[in-house]
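# Structural characterization, general
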Amino acid sequence: MAPANAAVVTADVPGIACDHWVSGTKASAVCRGTAREETYRVKAVCIAGNNTYTFVKYGPWKGVGLPDVSTVDCGARVLSVTVQFRV
């Protein structure tokens, strides 16, 4: 696992393939690949039910190559989903 002060990158990382999706108010991501020292989490941009403001929520950090899925519940509509890496 990367140290707590490791860089967080929202971008593609060579050797890792990720899928992300939305189901209702939840955003999820899973990453697999050969670079197992990195960890990842889902990042969701959500919009409040009254459409007056947006906010960001993050799922838990997961290890690349594990069968675990990083999931977060916006409790509102999901506008976009990306994956962040700690490298």
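Residues numbered from 1 in each chain as written. Predicted model: local features only at pLDDT ≥ 70, side-chain atom pairs only at ≥ 80, totals over all residues. Heavy atoms only, no water.

One pass over the structure, following the stated rule, counts one aromatic pair. Plain terms: the ring middles of Tyr 53 and Phe 55 are 6.0 Å apart, the flat faces sit at 45° to each other, and that makes the pair tilted. Tyr 53 sits in the partly exposed class, given a relative accessible area of 48%. Positioned over the ring face of Tyr 58 is Arg 41, at 4.0 Å from the centre of the ring. In this arrangement the basic side chain of Arg 86 is found over the ring face of Trp 61, its NZ or CZ atom lying 4.2 Å from the centre. (Phe/Tyr/Trp six-rings, centres within 6.5 Å; stacked < 30°, edge-to-face > 60°. Buried < 20%, exposed > 50% of the residue type's maximum accessible area, 1.4 Å probe, protein only. Lys NZ or Arg CZ within 6 Å of the ring centre and 35° of its normal.)

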